[in-house]
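Commentary on secondary and tertiary structure
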Amino acid sequence: EDIGQARLMMQCIEESKADWLMLLKPGDTLEVDAGCALLEAACKHSDAALLYADEDTLLSGRGEADPLFKPVIERETLRYQLEVLGDAVALHGPTLLRLGGLNPSYDGALIPEYIHRLMQSESKLVQIKRVLLHKLPRPAVTPSVKLVWERLAEDYAQYTVKSEKHVVTLRQTTTSSSLFE
């Protein structure tokens, strides 16, 4: 059961008492010095709640990679395109726990739902400008993942969900006050 896996993951996070953590998918690998890069950024920005880095997708059998270089991400961008952070994201453990952890009912969109709450707290996001994560190719958005994102949009009523290929985007549907103001 997915919710059981998310709860187990939160239990592991709570027991680890880690200052920083990354949630990796099977087959993902980190650059050999990724830990050093994360530690350096965390030390330079002791008030950061989230670190994000560039990443790439390994192209099967060719020894090549398709890079995803991320821009400096503004809060306004995160209102509508949570996936712009990608998977190369490190979470500050104490902040994660202070904000209630990852919500297991959003399995499939754990990080985006957490980012919504993180933005409400005016927490600092810090970019690491280099590739730290190598991912395997992923299938397009599955119906179950899209359903979780639709639930996220329902819970934050001013958003609608748009799904194209590998990307699920939340769009604001009203001009009412935002979660990030």
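Residues numbered from 1 in each chain as written. Predicted model: local features only at pLDDT ≥ 70, side-chain atom pairs only at ≥ 80, totals over all residues. Heavy atoms only, no water.

**Quick look at the overall build of the protein**
On a plain count of helices and strands, the protein comes out with six helices and eight strands. Scanning the protein from its N terminus toward the C terminus, one meets helices and strands in the order α-β-β-α-β-β-α-β-α-α-β-α-β-β. Every one of the 181 residues in the protein was classed for burial, and the buried ones make up 39%. Across the protein, every contact between residues at least 6 apart in sequence was considered, and the portion connecting residues at least 24 apart equals 66%. As displayed, the protein has an accessible area near 9900 Å², and 54% of this comes from carbon and sulfur atoms. (Helix = DSSP H or I, 4+ residues; strand = E, 2+ residues; numbered from the N terminus. Buried < 20%, exposed > 50% of the residue type's maximum accessible area, 1.4 Å probe, protein only. Contact = heavy atoms within 4.5 Å. Areas by Shrake-Rupley, 256 points an atom, 1.4 Å probe, with all protein chains shown as cover.)

**Things to note about the nonpolar core**
Core analysis: the largest hydrophobic core is formed by 20 residues, its most contacted members being Leu50, Leu85 and Leu125. At the level of secondary structure, the elements contributing two or more residues to this core comprise helix H1 (2-16), strand S3 (48-59), strand S5 (89-92) and helix H5 (110-120). The element that contributes the greatest number of residues to this core is H5, accounting for five residues. Core analysis: the next-biggest nonpolar cluster, separate from the first, contains 14 residues, Ala48, Leu51, Ala53 and Val126 among them. (Core = buried A, V, L, I, M, F, W, Y, C linked by side-chain atoms within 4.5 Å.)

**Overview of the environment of Tyr52**
Within the element layout of this structure, Tyr52 appears in strand S3. Taking the C-alpha atoms as reference points, Tyr52 and Lys70, 18 residues apart in sequence, are found 8.8 Å from one another. Once residues within four sequence positions are removed from consideration, Tyr52 is found in contact with Lys70, Pro71, Val72, Ile73, Leu85, Ala88, Val89, Leu125, Val126, Gln127 and Ile128. From its side chain, Tyr52 meets the backbone nitrogen of Ile73 in a polar contact 3.0 Å long. (Polar contact = N/O pair within 3.5 Å; in protein donor to acceptor, adjacent residues only side chain to side chain.)

**A look at unusual backbone geometry**
For Glu122, which is not a glycine, the phi torsion comes out positive at approximately 60°. Considering the arrangement of structural elements, one finds Glu122 in the loop between H5 and strand S6 (124-135).

**Notes on helix H2 (residues 34-44)**
Taken together, the buried positions of H2 are occupied by Ala34, Ala37, Leu38, Ala41 and Ala42. One side of H2 holds all its buried residues, which, seen down the axis, span an arc of 130°. Exposed side chains of H2 directed beyond 90 degrees from the buried face belong to Gly35, Cys36, Leu39, Cys43 and Lys44. (Arc of directions from axis to C-beta.)

**Topic: the environment of Ser105**
Position of Ser105 relative to the elements: it lies in the loop between helix H4 (93-98) and H5. Judged by its relative accessible area of 27%, Ser105 is partly exposed. Between the C-alpha atom of Ser105 and that of Arg7, which follows or precedes it by 98 residues, the distance is 9.1 Å.

**Comments concerning the pattern of salt bridges**
Pairing between side chains becomes possible if they bear opposite charge and their charged atoms approach one another. Under the defined criterion, the tally for this structure stands at eight salt bridges. For the salt bridge of Lys70 with Glu55, the shortest nitrogen-to-oxygen distance reads 2.8 Å. With a gap of 15 residues between them, Lys70 in the loop between strand S4 (64-68) and helix H3 (75-80) and Glu55 in strand S3 connect regions that are remote in the sequence. Given the relative accessible area of 7%, Lys70 is considered buried. Here Glu55 makes a salt bridge to Lys135, at a shortest N to O gap of 2.8 Å. Placement of the pair is Glu55 in strand S3 and Lys135 in strand S6, with a sequence separation of 80 residues. Lys135 matches Glu55 in its accessibility class, with the two residues each being buried. Three or more residues are tied together by salt bridges with common partners; here these are Lys25, Glu55, Lys70, Asp87 and Lys135. (Salt bridge = Lys/Arg side-chain N within 4 Å of Asp/Glu carboxyl O.)

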